[in-house]
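# Analysis of the macromolecular model
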Amino acid sequence: MSAIIEARGLSKHYGQFAALDQVSFELQAGRIVGLIGRNGAGKTTALKAILGLTPYQGSVRVLGREPMHERSALMNDVCFIADTAVLPRWLRVNQALEYLAGVHPRFNRQRAAEALASTSIRLDSRVGELSKGMVTQLHLALILAVDARLLVLDEPTLGLDLLYRRQFYDTLLNDYFDKDRTILLTTHQVEEVEHLLTDVLFIDRGHVVLDSAVEDLAQRFAQLTVAPDKIDAARALAPFYQRELFGRTIMLFEGHSVEELRPLGELRTPGIADLFVAKMQAVAS
Amino acid sequence: MKLMQTQVRREFWEHRALWMIPLSIGAALLLLAAIFKHINVSIDNAPPLDSAPRTTLFQLGLIGWALPFYCAAIIQATSYLLDCLYGERRDRSILFWRSMPVSDTRVVLTKLLVGALLVAALAFAAAAITSLLTSAILAARSHGGGIVINSVQVPVWDTLGWLQMQALMLYGLLGAILWLAPFAAYLLLISAWARRAPLAWAVMLPVLLLLLEHMAFGTYYVARVAGGQLGEFLATAFRLDGQTARSLGGAIAAPGTALGQPRFNLELMDPAHLLASARLWLGLLAAAAMILAAIRLRRYRDEA
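Remember, predicted model here, so these are calculated numbers, not experimental data.

### Some words on the sheet that holds strand β3 (residues 152-153) of chain B
All names here are of chain B.
- Ordered in space as β1-β2-β3, the 3 strands form an open sheet in which the pairing is mixed. What marks the edges here is a single partner per strand, and that holds for β1 (38-41) and β3.
- Where strand β2 (residues 146-149) lies against β3, 2 bridges are found, and the strand directions are antiparallel. Bridge pairing in β3 places isoleucine 149 opposite valine 152.
- Of the strands in this sheet, β1, β2 and β3 are in contact with helix α3 (residues 54-90), which crosses β2 at around 100°.

### Examining the confidence of the model for chain B
Residues and elements named next belong to chain B.
- In this model, chain B carries a mean pLDDT of 88, and residues with pLDDT of at least 70 account for 90%.
- Under a pLDDT of 50 for its full length, residues 246-258 has, in the predicted model, 30 contacts with residues more than four places off or in other chains.
- For this predicted complex, the interface confidence comes out at an ipTM of 0.90, alongside a pTM of 0.90.

### As for the interface of chain A and chain B
- On the chain B side, the residues contacting the 22 residues of chain A number 22 residues.
- At the level of secondary structure, the elements contributing two or more residues to the side of chain A that touches chain B comprise α2 (71-74), β5 (78-81) and α3 (93-103) of chain A.
- Among the elements that line the side of chain A that touches chain B, the one with the most residues is α3(A), at 4 residues.

### Considering the sheet that holds strand β11 (residues 241-245) of chain A
Residues and elements named next belong to chain A.
- Read across the sheet, 4 strands follow the order β11-β12-β10-β13 without closing on themselves; strand pairing throughout is antiparallel. If you trace the sheet from one side to the other, it starts and ends with β11 and β13 (265-268), each paired once. Neighbour-to-neighbour, the strand axes of this sheet turn through a mean angle of 25°, independent of strand direction.

### Here's the deal with α3(A)
- Buried within α3(A) are the following residues: Val93(A), Ala96(A), Leu97(A), Tyr99(A), Leu100(A) and Val103(A). One side of α3(A) holds all its buried residues, which, seen down the axis, span an arc of 165°.
- Of the surrounding secondary structure, the elements contacted by the buried residues of α3(A) are α4 (109-117) and α5 (132-144) of chain A together with α1 (2-14) of chain B.

### Focus: the packing of helix α6 (residues 159-193) of chain B against helix α13 (residues 278-300) of chain B
Residue and element names in this part refer to chain B.
- Contact pair α6 / α13: the axes reach a minimum separation of 8 Å and the direction vectors enclose 20°. Taken together, the axes of α6 and α13 lie roughly parallel to each other. In the packing of α6 onto α13, the handedness of the crossing is left-handed. Taking contact as the criterion, the partners of Leu178, Trp179, Ala181, Pro182, Ala184, Ala185, Tyr186, Leu188, Leu189, Ala192 and Trp193 in α6 are, on α13, Leu280, Gly283, Leu284, Ala286, Ala287, Met290, Ile291, Ala293, Ala294, Leu297 and Arg298.
- A breakdown of the residues in the contact of α6 with α13 according to their chemical character gives 20 nonpolar, 1 polar and 1 charged.

### Regarding the pairing of β5(A)
All names here are of chain A.
- Burial of β5 is two-sided: the residues Val78 and Phe80 facing one way and the residues Cys79 and Ile81 facing the other way are all buried.
- Note that β5 and strand β6 (residues 150-154) share 4 bridges and pair parallel. Counterpart to cysteine 79 in the pairing with β6 is leucine 151.

### Topic: the packing of helix α5 (residues 104-140) of chain B against α6(B)
Residue and element names in this part refer to chain B.
- It is at 10 Å that the axes of α5 and α6 come closest, and there the two elements cross at 155°. With respect to their mutual orientation, α5 and α6 come out roughly antiparallel. Note on packing geometry: the crossing formed by α5 with α6 is right-handed. Contacts between α5 and α6 involve Lys111, Leu112, Gly115, Ala116, Leu117, Ala120, Phe124 and Ala128 from the former and Gln166, Met169, Leu170, Leu173, Ile177, Ala181, Ala184 and Leu188 from the latter.

### Some points on the pairing of strand β1 (residues 5-14) of chain A
All names here are of chain A.
- Where β1 meets strand β2 (residues 17-27), 7 bridges bridge the pair, whose relative direction is antiparallel. Residue pairing for β2: leucine 10 is matched across the bridge by valine 23.
- When β1 meets strand β4 (residues 57-62), the two strands line up antiparallel, connected through 5 bridges. When the sheet's bridge partners are listed, arginine 8 is paired in β4 with serine 59.

Reading guide: rules and limits
Residues numbered from 1 in each chain as written. Chains lettered and ligands numbered in written order. Predicted model: local features only at pLDDT ≥ 70, side-chain atom pairs only at ≥ 80, totals over all residues. Pairing = 2+ DSSP bridges. Helix = DSSP H or I, 4+ residues; strand = E, 2+ residues; numbered from the N terminus. Contact = placed C-beta atoms within 7 Å. Axes fitted to C-alpha atoms, helices over the stretch in contact; angles between N-to-C directions. pLDDT = per-residue confidence, 0-100. Buried ≥ 20, exposed ≤ 12 C-beta atoms within 10 Å, placed from the backbone. Arc of directions from axis to C-beta. Parallel < 35°, antiparallel > 145°, perpendicular 65-115°, else oblique. Left-handed = near helix turned anticlockwise from the far one by under 90°. Nonpolar A, V, L, I, M, F, W, Y, C, P; charged D, E, K, R; others polar.

So this is what it looks like as structure tokens:
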């Protein structure tokens, strides 16, 4: 199985600033990958390079195509929401359906109409008349009705309330995702997507700082709530992150065996959010 | 074909004025014809019309009735072409359009097709239909009257005259589109390039060029060439008295000069002269270059 996305030495400079610096990664089919990083870390730049929206240095192949030069052909198999609120205000909902049915060979109008029927969006409304959350719902309903091989979502639930967010991720997982599809998404709310990701890609200041399958995280990382008398012993094993919480010391380790750590305190697998915070601060220090 | 159709329809959804304005003008003219007993039109500097042939008078009326459509079309085409590639960047909807499997080349060419050809085609169709309906209304009226040019009554209908005029207008429009293509392409390029205020840029750049020319050489060559485009076109595409066409310029040139001719017949067309004009082909070449530049801008510019 060849990679869905293959980036080699991907770089992008804005003047002196390197938004991406020699980044390499691969995405396999049937995965849900979270691209996670702080604001300005290079997430959006990476997505834009993948989608052929920005020129770059290095090599990127998406479904075997070069996105910058074959964007329109690529968009038959790739769907994306690069930003919320980019649907034009003058567009009517039924015009949006009509338009996609006319230009997109993989668009299932029936499916989009059904998705919209479960919302309060009316077919004759203009985008400008809808609330921000409804616009996002509309955009998602359109995009999820396309039978794409790769779906790229940049902050897809921004501006949606908790109920809609939950609904959206449920739809994504239950109705949309299958083994032939790949989803690449970025979000600020890591906790919300933690349970659905199969892979994580942490990016910071233009570099990939972690690229791992979620199932491998448990073997690679450990979070230790250190017993008070074992702090020095634990510190000797060189944790990459340490913090105090309610008077207890929590340390994160990479590449140590369970046998090594268990005598030193309470052991568990860190969540993606914890890991992200730890990794970012480790890089910063 | 379906893709093309959808792309074109999308342009008309966004720019509703494209079809609403010709429709409104048509409705207004029909209302005029229905309400007023006489619609007086005056043409300055025209020789006495009393002895003009019936058909010529009818055709003059047709031109007068079509002028509002064509004047509006020029304004509409200008504003559409200036806005079409800028607007999608201003409201960031370009990120939605570019997520569709439609190439940048196709998008830009569709917009050019709409702005240059379809606007003109709509104006032509609306003018033709309006003239038919106007004649029908005038013929159905019991109290007579109708269109009056320089105090001379215009006949209500003349089949040959109508057909000849439609052919002349169609030829004139197609010729004008080719002739003015570099201007359309220039507007499209400004629309693709300007980060804000495309209209200001579109006006400023030529004005700057004028000033530079005047400061460097003390001449107004650019201004004269640009200002004489329509007259130059009429003199090239039609067998008119060239000097008159140039000096009058604009749309008035055709009726004004043709008064000296027996009538507006097909012999006025001079396509061989038009197609042999170097200005036409140089203009088309420049248009092609600017359109390519607009396509490249839409394709490679980073909208981050």
